[in-house]
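Overview (structure and organization)
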Amino acid sequence: MEQELATQFLTEEFARELDRTDELAHFRDRFYVMPGVIYMDGNSLGLLSRDAEEALLNVLNDWKTLGIDGWTRAKSPWFYLAEELGRAEASLVGAQPDEVIVTASTTLNLHNLLAAFYRPQGRRRKILADELNFPSDKYALESHLRLHGLDPEEDLILVRSRDGRTLEEKDIIAELTDEVAVAVLPSVLYRSGQLLNLSLLTYAAHERGVIIGFDLSHSAGVVPHKLHAWDVDFAFWCNYKYLNGGPGAVASLFVHQKHFDRLPGLAGWWGYRKDRQFDLCLQFEPAVGAGAWQAGTPHILSLAPLAGSLKIFQEAGMERLRAKSLALTSYLMYLIDALLSGPPYNYSIGTPREPERRGGHVAVEHEEAVRINAALKRRGVIPDFRPPNIIRLAPVPLYVSFHDVWQVVQHLKEIIETKEYEKFPRERDTVA
Ligand SMILES: *Cc1c(COP(=O)(O)O)cnc(C)c1O
């Protein structure tokens, strides 16, 4: 009986059944899913939606017909667009409406936040991060240590991973000593897909007098957060991954209300209080809220698609998206365990199994990952490869179906059975 049940879950018919009962399935039609392609890379670059396309075309039309008056007379006046998008995104990350602004790039927002929040004083001068961090974040942290005349070798603490994939919260907490000024950690680790306990880490950091910020690039739009309630000091993330804002879309930052009296790290005239910005006073009077953290004129054309995309998120709701995302990732892991874990396949999963410890993607490990990744692409499946041996698969809940997941597993199976991967070189592409 148990055996029968188990094989029943492995069938194509079961995948179709999951799609039939999926109340979010219809959102797929709002996206340009390339014909014949199974897109599993929405954690690197989300797909274009019709909503985002329309929003961008509207802005182009406003520019065409209004010229400079677009700033005030466009349907969504450009002058307020970044604030408007910040308010719309706030609910996705559990922020107050004025705690989020859409501005600059992810890495620049980290720079801006560090310039304000990193204040080395006496013994408390170190920055805490982790050794599995996205390199750009680490480069930014090092440059701030150098700006303060400090030595990254000595003053950047990288929490060690025990298994090369994941971090233990207790190992992080053990490093939150009275020598640490600021901690910057990811919500979801970009390789393994582990989700850290942000609430616990924030509590522990504050108990020890440490300011804490998070990089939400791999969770915003797929994992709900409660940044305000958890008392997180600051956060930043990109909008081109799960949030589908387009390649190089303008990024976001969150500053907790309790820090609204702090001056932005890198000030500019666009952070001025909006009602008096055009008085052009030489005396800087910051806006009250995350809006103060803008430096220069917003990149309107790179903001526009997000306006359309966020409408979809408001309709779908973060809780429902999270539930479907967890269902998709557990289904994917279940199929790989059941069908592909033993010889000759030898795939394994590097992502934590517990739902509360994983984000939106699954890290599939294989010693031939580079070549299997290339073979998948040839078959019309778009994953991505991360060194040394990881194939990342992101079944994005807005446009990936259970049947897509089932098919990807069949591809992984056939690529080994036919030794198809052997036809591909061991080197990876420049943009993996
Ligand atoms: C994608 C990503 C970034 C990207 O930074 P950009 O400045 O947008 O290039 C930063 N951090 C993490 C963890 C990411 O996943």
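Fair warning: this is a prediction, and the values are worked out from it, not measured in the lab.

So, how was this worked out
Residues numbered from 1 in each chain as written. Predicted model: local features only at pLDDT ≥ 70, side-chain atom pairs only at ≥ 80, totals over all residues. Heavy atoms only, no water. Helix = DSSP H or I, 4+ residues; strand = E, 2+ residues; numbered from the N terminus. Rg over C-alpha atoms; globule rule 2.2 N^0.38 Å. Buried < 20%, exposed > 50% of the residue type's maximum accessible area, 1.4 Å probe, protein only. Contact = heavy atoms within 4.5 Å. 1 Å grid on protein atoms, 1.4 Å probe; cavity = no way out; pocket = protein on both sides within 12 Å on 5 of 7 lines; lining within 4 Å. Points joined across faces, edges and corners; volume = space filled by probe spheres on them. Nonpolar A, V, L, I, M, F, W, Y, C, P; charged D, E, K, R; others polar. Near = heavy atom within 4 Å. Polar contact = N/O pair within 3.5 Å; in protein donor to acceptor, adjacent residues only side chain to side chain. Areas by Shrake-Rupley, 256 points an atom, 1.4 Å probe, with all protein chains shown as cover. Axes fitted to C-alpha atoms, helices over the stretch in contact; angles between N-to-C directions. Parallel < 35°, antiparallel > 145°, perpendicular 65-115°, else oblique. Phe/Tyr/Trp six-rings, centres within 6.5 Å; stacked < 30°, edge-to-face > 60°. Lys NZ or Arg CZ within 6 Å of the ring centre and 35° of its normal. Salt bridge = Lys/Arg side-chain N within 4 Å of Asp/Glu carboxyl O. Pairing = 2+ DSSP bridges. Domains from an automatic or database assignment. Buried area = accessible area lost by both parts, 1.4 Å probe.

Brief notes about the overall build of the protein chain
A tally of helices and strands in the protein chain yields 15 helices and 13 strands. Against the globule reference of 22 Å for 432 residues, the protein chain gives a C-alpha radius of gyration of 23 Å, in line with a compact fold. By the burial criterion, 55% of the 432 residues in the protein chain qualify as buried. A separation threshold of at least 6 residues defines the contact pool for the protein chain, and within that pool the share at least 24 residues apart is 71%.

Things to note about empty space enclosed by the protein
Tallied over the full model, the rule gives one cavity of 30 Å³ or more. Taken as a whole, the largest cavity holds about 30 Å³ of empty space. Considering the residues around the largest cavity, the lining is formed by Arg28, Val33, Val37, Ile38, Tyr39, Tyr399, Val400 and Asp404. Classifying every residue of the lining of the largest cavity gives six nonpolar, no polar and two charged.

Topic: the environment of Leu158
Residue position: Leu158 is located in strand 4 (residues 156-159). Sequence-distant contacts of Leu158, that is, excluding residues within four places in its chain, are made with Ala129, Asp130, Glu131 and Lys138.

Let's talk about the site of the ligand
As a structural note, the neighbourhood of the ligand is formed by Thr106, Thr107, Phe134, Asp137, Asp215, Ser217, His218, Tyr240 and Lys241. A distance of 2.6 Å separates an oxygen atom of the ligand from a polar atom in the side chain of Thr106. Bound to the protein, the ligand loses 84% of the 390 Å² it would expose on its own. For the shell around the ligand, the per-class residue count stands at two nonpolar, four polar and three charged.

So, the packing of helix 12 (residues 300-316) against helix 13 (residues 318-340)
Taken N-terminus to C-terminus, the directions of helix 12 and helix 13 make an angle of 85 degrees; their axes are 6 Å apart at the nearest point. The pairing of helix 12 with helix 13 is recorded here as roughly perpendicular in orientation. Judged by residue contacts, Phe313, Glu315 and Ala316 of helix 12 engage Met318, Arg320 and Leu321 from helix 13. Grouping the amino acids of the contact of helix 12 with helix 13 by side-chain chemistry returns four nonpolar, no polar and two charged.

Quick notes on the packing of aromatic side chains
Across all of its chains, the model carries 17 aromatic pairs by this definition. Taken together, a centroid distance of 5.4 Å and an interplanar angle of 65 degrees make the contact between Trp269 and Phe278 edge-to-face. Residue Trp269 is classed as partly exposed on the basis of its relative accessible area of 37%. Sitting over the ring of Tyr32, Arg50 keeps its end group 4.4 Å from the ring centre. Sitting over the ring of Phe134, Lys241 keeps its end group 5.6 Å from the ring centre.

With respect to the pattern of salt bridges
Pairing between side chains of opposite charge can happen when the charged atoms of each approach one another. Taken as a whole and assessed by the stated rule, the structure comprises 37 salt bridges. Among the ionic pairs, Arg146 bridges to Glu142, the shortest N-O distance being 4.0 Å. Placement of the pair is Arg146 and Glu142 together in helix 7 (residues 135-147), with a separation of four residues, close to one helical turn. Put simply, Arg386 and Asp384 hold a salt bridge, and the shortest N to O gap is 3.7 Å. Each member of the pair Arg386 and Asp384 is classed as buried. Each of Arg123, Arg125, Lys126, Glu154, Asp155, Asp178 and Glu179 takes part in a single network of salt bridges with overlapping partners.

A short note on the side chain of His218
Here His218 lies in the loop between strand 6 (211-215) and helix 11 (227-230). Relative accessible area serves as the criterion here: at 5%, His218 is assigned to the buried category. Ignoring anything within four residues of it in the chain, the contact list for His218 reads Asn43, Val188, Tyr190, Lys241, Tyr242, His361 and Arg392.

Observations regarding the sheet that holds strand 8 (residues 252-255)
One open sheet holds the seven strands; their spatial order is 2-8-7-6-5-3-4, and the pairing between them is mixed. The outermost strands of the open sheet, each flanked by one partner alone, are strand 2 (100-102) and strand 4. With direction set aside, neighbouring strand axes in the sheet form an average angle of 20 degrees. In the sheet, strand 5 (residues 180-186) pairs with strand 6 via five bridges, with the strands oriented parallel. Each bridged residue has a counterpart across the sheet, and for Val184 the counterpart in strand 6 is Gly213. Sitting on the sheet, helix 6 (residues 106-117) is in contact with strand 5, strand 6, strand 7 (234-237) and strand 8, with an inclination near 165 degrees to strand 7. Contacting strand 3 (126-130), strand 4, strand 5, strand 6 and strand 7, helix 7 runs over the sheet at an angle of about 155 degrees to strand 4.

Section: the domain arrangement of the protein chain
Domain boundaries assigned for the protein chain yield domain 1 (2-30 + 317-423) and domain 2 (53-316). Counting residues at the interface gives 30 residues for domain 1, matched by 25 residues for domain 2. Of all residues in domain 1, Met318, Arg357 and His361 give up the largest surface area on contact with domain 2, accounting jointly for 26% of the area buried on that side. Inspection of the domain 1/domain 2 interface yields two salt bridges. Between Arg165 and Glu365 there is a salt bridge, with its nearest N and O atoms 2.5 Å apart. Those elements giving two or more residues to the side of domain 1 that touches domain 2 turn out to be helix 13, strand 10 (362-365) and strand 13 (390-393). In terms of residue count, helix 13 provides more of the side of domain 1 that touches domain 2 than any other element does, six residues in total.

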